[in-house]
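# Per-entry structural report
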Amino acid sequence: MYKIYGRLQSRASRVIWLLEELGQEYEFIDVGPHDPQVTALNVSGKIPVLVDGDAVLTDSVAIMTYLADKHGAFTYPAGTVERAQQDALTHTIVDEFDALLWTAMRHQFILPEDKRVGAVAESLMWEFGRNFQRMSDRAKGPYLQGEKMTIADILCVHCMNWAHGVGFPMNSDSMKAYGKLVRSREAPARIAALAKKD
């Protein structure tokens, strides 16, 4: 059984979402960053951490890629053009959605107060809105690459949920409809139910 360390309100939820989609059993250890249980596994103290037997894996996207490859689902095979396109989408979402949201959060309450630049939020929101519209133009529908849902979709909609929570602009009706479609699956509903138990 997999063990996943993290918080539902963090990037760990992406990994849990994929595990739910894959129908895999897992133990969820609800701990925050730098918890002693986390630092014992990951010297940086960052979450999520996945334990698979003797293997300890970090970084949500790396973990998702590993799980999708291992179970042969929510991904295209390595060495195919479709996989290269999937990886390109994944890296774009990390660079153009996740990184902007994380930077905004860091300047809001994570960095020491004397290192925060509050005015950066306006620039980050503008850039996110521009990038979101570009993703709208790129998406094939009903999922980002067409008929098949991949880990890029989980990553994208997780970032959309995050953006909604912090008031970042999502200026595309087609992407909002896409997000609603992906969130309507059973796995996100199970995670929402798990969150309500806390």
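Residues numbered from 1 in each chain as written. Predicted model: local features only at pLDDT ≥ 70, side-chain atom pairs only at ≥ 80, totals over all residues. Heavy atoms only, no water.

## Looking at unusual backbone geometry
Here Ile-47 and Pro-48 are connected by a cis peptide whose omega angle stands at 5 degrees. Of note, Pro-48 is situated in the loop between α2 (36-39) and β3 (49-52). Going from Gly-141 to Pro-142, the amide bond is cis rather than trans, its omega being 0 degrees. Among the structural elements, Pro-142 can be located in the loop between α5 (120-138) and α6 (151-166). You will see that Phe-74, though not glycine, has its phi angle at about 60 degrees, which is positive. (Helix = DSSP H or I, 4+ residues; strand = E, 2+ residues; numbered from the N terminus.)

## Things to note about the packing of aromatic side chains
Scanning all chains against the criterion turns up four aromatic pairs. For the pair Phe-97 and Phe-128, a centre-to-centre distance of 5.0 Å together with 40 degrees between the ring planes defines the contact as tilted. Taken as a pair, Phe-97 in helix α4 (residues 81-110) and Phe-128 in helix α5 lie far apart in primary sequence, 31 residues in all. For Phe-128, a relative accessible area of 0% puts it in the buried group. Judged by centre distance (6.0 Å) and plane angle (15 degrees), the ring pair of Phe-128 and Phe-132 falls under stacked. (Phe/Tyr/Trp six-rings, centres within 6.5 Å; stacked < 30°, edge-to-face > 60°. Buried < 20%, exposed > 50% of the residue type's maximum accessible area, 1.4 Å probe, protein only.)

## Focus: the sheet that holds strand β2 (residues 26-30)
Spatially, four strands are ordered β2-β1-β3-β4 in an open sheet, and the strand pairing comes out mixed. Edge strands, defined here as strands with exactly one partner in the open sheet, are β2 and β4 (55-58). Ignoring which end each strand starts from, the neighbouring axes of this sheet average 20 degrees apart. Here strand β1 (residues 2-6) runs beside β3; their pairing, made up of three bridges, is antiparallel. Directly across from Tyr-5, in β3, lies its bridge partner Val-49. Here helix α1 (residues 12-22) sits on the sheet and contacts β1 and β2; the angle it forms with β1, its principal contact strand, is near 155 degrees. Each of β1, β3 and β4 touches helix α3 (residues 60-71); the most contacted strand, β3, lies at about 30 degrees to it. (Pairing = 2+ DSSP bridges. Axes fitted to C-alpha atoms, helices over the stretch in contact; angles between N-to-C directions. Contact = heavy atoms within 4.5 Å.)

## Observations regarding the environment of Gly-129
Within the fold, Gly-129 resides in helix α5. For the pair formed by Gly-129 and Glu-96, sequence separation is 33 residues and the distance between their alpha carbons is 9.9 Å. Those residues within four positions of Gly-129 in sequence are excluded, and the remaining contacts are Pro-169 and Asn-171.

Read these as layout, nothing more, since geometry by itself doesn't imply function.
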